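Below are the chains, spelled out letter by letter.
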Amino acid sequence: MEEVPTLCPNCKNIISQIDISCPKCGKKVKDTSLTTGIQKQFFLYFLSFFLPYFAIWPAIKYLRQPNPTSKKVGVVAIILIITSLLLSVYFTKTLLNSLNSKLDYYRGLN
Ligand SMILES: [Zn+2]
């Protein structure tokens, strides 16, 4: 897929898709308000599950949006964050338990 060049509405400078403001004149070219595009949603959900600590703030930002779709995205993200944190606590506990039983085993040998 070829990236379509975007032109700055102010100075007609070519700007890339990732630019929020024109690098030449500094004019804001992208609406920075939170969107609920499917890609963004998936990214947030992915982040929530695999890197929950990094997703907490974005999830809260979504929750505070006035429109219900954004709120829903925030709620799902929060649920994923909690699930992920609980799972990591559970796995850490299981790991520690198995380490402990191994240690007990070795202690028993001596
Ligand atoms: Zn410009």
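Residues numbered from 1 in each chain as written. Predicted model: local features only at pLDDT ≥ 70, side-chain atom pairs only at ≥ 80, totals over all residues. Heavy atoms only, no water.

Some points on the packing of helix H2 (residues 52–63) against helix H3 (residues 68–109)
Between two packed helices, the angle of one axis relative to the other and the distance separating the axes together describe the packing. As a reminder of what qualifies: Axes here refer to lines fitted to C-alpha atoms; in helices the fit is confined to the stretch in contact. Angles between the N-to-C directions go from 0 to 180 degrees. Each helix is a run of H or I in the DSSP string that is no shorter than four residues. Each strand is a run of E no shorter than two, and both are numbered from the N terminus. Should an angle lie under 35 degrees it is considered roughly parallel, over 145 roughly antiparallel, and from 65 to 115 roughly perpendicular; all remaining angles are considered oblique. Crossing handedness is defined as follows: a turn of the near helix away from the far one that is anticlockwise and smaller than a right angle gives a left-handed crossing, while the clockwise case is right-handed. We call two residues in contact whenever any of their non-hydrogen atoms come within 4.5 Å of each other. Ten residues, namely Ala, Val, Leu, Ile, Met, Phe, Trp, Tyr, Cys and Pro, are considered nonpolar, four, namely Asp, Glu, Lys and Arg, are considered charged, and the remaining ones, Gly among them, are considered polar.
The interhelical angle for the contact between H2 and H3, taken along N-to-C directions, is 155°, at an axis separation of 8 Å. Here H2 is positioned roughly antiparallel relative to H3, judged by the angle of their axes. As H2 packs across H3, the resulting crossing turns out to be left-handed. Every residue of H3 that contacts H2 at Pro52, Tyr53, Ala55, Ile56, Ala59, Tyr62 and Leu63 is listed here: Ser70, Lys71, Val73, Gly74, Val75, Ala77, Ile78, Ile81, Ser84 and Leu85. Residues belonging to the contact of H2 with H3 are distributed by class as follows: 13 nonpolar, three polar and one charged.

With respect to the coordination of the zinc ion
Quick reminder of the rule: Only nitrogen, oxygen and sulfur atoms qualify as donors, and only when within 2.8 Å of the metal (3.2 Å in the case of Na, K and Ca); with water excluded, sites may look incomplete. Square planar and octahedral sites, with four and six donors, are those where opposite donors lie more than 155 degrees apart and all other angles lie between 65 and 115, tetrahedral sites have four donors with every angle between 85 and 135 degrees, and the rest are irregular. Classification of residues uses two cut-offs on accessible area relative to the type maximum, computed with a 1.4 Å probe and protein chains only: under 20% is buried, over 50% is exposed, and between them is partly exposed.
Around the zinc ion, the donor atoms from the protein are Cys8 (SG), Cys11 (SG), Cys22 (SG) and Cys25 (SG), and they sit 2.2 to 2.3 Å away. Coordination at the zinc ion is tetrahedral: its four donor atoms span angles of 108 to 113° at the metal. Mapping the donors of the zinc ion onto the primary sequence gives the spacing C-x2-C-x10-C-x2-C. Judged by relative accessible area, which is 2%, Cys22 ranks as buried.

Considering helix H1 (residues 38–50)
What counts here: What a helix is expected to span follows from its residue count: subtract one and scale by 1.5 Å. This arc is built from the directions going out from the helix axis to the C-beta atoms.
Counted at 1.5 Å a residue, the expected span for H1 with its 13 residues is 18 Å, and the 18 Å between its end C-alpha atoms agrees. For H1, the set of buried residues is Gln41, Leu44, Tyr45, Leu47 and Ser48. Buried residues of H1 fall within an arc of 160° about the axis and therefore sit on the same side. Looking at H1, the residues exposed on the side facing more than 90 degrees away from the buried face are Ile38, Gln39, Phe42, Phe43, Phe46 and Phe50. Close packing links the buried residues of H1 with H2 and H3.

Section: the domain arrangement of the protein
The test is simple: Boundaries of every domain are those given by an automatic assignment or by a domain database.
Its domain assignment divides the protein into domain 1 (1–32) and domain 2 (33–109). The centre of domain 1, based on its C-alpha atoms, is set 34 Å off from the matching centre of domain 2.

Focus on H2
For H2, built from 12 residues, the straight-helix expectation of 16 Å at 1.5 Å per residue is met to within 8% by its first-to-last C-alpha distance of 16 Å. For H2, the set of buried residues is Pro52, Ala55, Ala59 and Tyr62. What you see down the axis of H2 is that its buried residues fit within an arc of 65°, all on one side. For H2, the exposed residues lying more than 90 degrees away from the buried face are Tyr53, Phe54 and Trp57. Looking at the packing, one finds that the buried side of H2 touches H1 and H3.

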